[in-house]
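# Fold and geometry: a report
Each chain, written out:
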Amino acid sequence: CLWDLRNLPLDNEDINAAIRKTLAPHAAGVRLQVRFSVPREKFTDNTTHAILCILRELTINAVRHGNATAIWVAGSTEGDHLLFSVRDDGCGFDPAAAPGMDQGHFGLQGIRDRVEGFEGQMEVESSVGNGTKVTISLNMSHLDNAKLT
């Protein structure tokens, strides 16, 4: 909650630096590669904050639940969509059988709720023993008007 009140990475003009600064406390001891090829000025602070929150939650999940030793973050634009992904080399899981809110796990549902605010989509690719990749597509025309819950 405190991180959400004052997000110092938002002060970075370089989105890659902001992402690294946001993820560093949660990815200690993990090889982290960031290649987000979208200029920071394309986004408002609110949109950047939402993106950083999503990336932070996915990184925490990769480390905490997947025991990942490497995480790759990538982002680009395609037409009027922002596409970004987080891929890890962790233990993977069966997305159809993943625990949800009824079992006290709120992370993936929280991400889905944020993504829906941008009229976006989220895809989870994973299987036991093969790591996880989460891909998100956000409609750029809705980035400034989205509800950032």
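A brief report on the enclosed structure follows.

Rules behind the numbers
Residues numbered from 1 in each chain as written. Predicted model: local features only at pLDDT ≥ 70, side-chain atom pairs only at ≥ 80, totals over all residues. Heavy atoms only, no water. Helix = DSSP H or I, 4+ residues; strand = E, 2+ residues; numbered from the N terminus. Pairing = 2+ DSSP bridges. Right-handed = clockwise from strand over helix to strand, strands pointing away. Buried < 20%, exposed > 50% of the residue type's maximum accessible area, 1.4 Å probe, protein only. Arc of directions from axis to C-beta. Polar contact = N/O pair within 3.5 Å; in protein donor to acceptor, adjacent residues only side chain to side chain. Axes fitted to C-alpha atoms, helices over the stretch in contact; angles between N-to-C directions. Parallel < 35°, antiparallel > 145°, perpendicular 65-115°, else oblique. Left-handed = near helix turned anticlockwise from the far one by under 90°. Contact = heavy atoms within 4.5 Å.

Our focus in this paragraph is unusual backbone geometry. Of note, the phi angle at Asn-67 is positive, near 50°, even though the residue is not glycine. Of note, Asn-67 is situated in the loop between α3 (45–64) and β2 (70–78). For Glu-119, which is not glycine, the phi dihedral falls at a positive 50°. Within the secondary structure, Glu-119 sits in the loop between α4 (107–117) and β4 (121–126).

What follows concerns the pairing of β2. Bridge analysis of strand β1 (residues 31–36) against β2 gives six bridges, and the strand direction is parallel. Considered in β2, the bridge of Arg-31 is made with Ala-70. Crossover β1 to β2 through α3 is left-handed. Looking at chain direction, β2 and strand β3 (residues 81–88) are connected through eight bridges and run antiparallel.

Of the residues making up helix α2 (residues 15–23), those classed as buried are Ile-15, Asn-16, Ala-18, Ile-19, Thr-22 and Leu-23. The arc that holds every buried residue of α2, seen down its axis, measures 160°, which confines them to one face. At the N-terminal end of α2, a side-chain oxygen is found 3.1 Å from the backbone nitrogen of Asn-16, two or three residues along, and the residue is Asp-14.

It is the contact of α3 with α4, at a shortest axis distance of 10 Å, that shows an interaxial angle of 160°. In terms of axis orientation, α3 runs roughly antiparallel to α4. α3 and α4 meet at a crossing whose hand is left-handed. Residue-level contacts link Ala-50, Cys-53, Ile-54, Glu-57, Leu-58 and Asn-61 of α3 to Gly-107, Leu-108, Ile-111, Arg-114 and Val-115 of α4.

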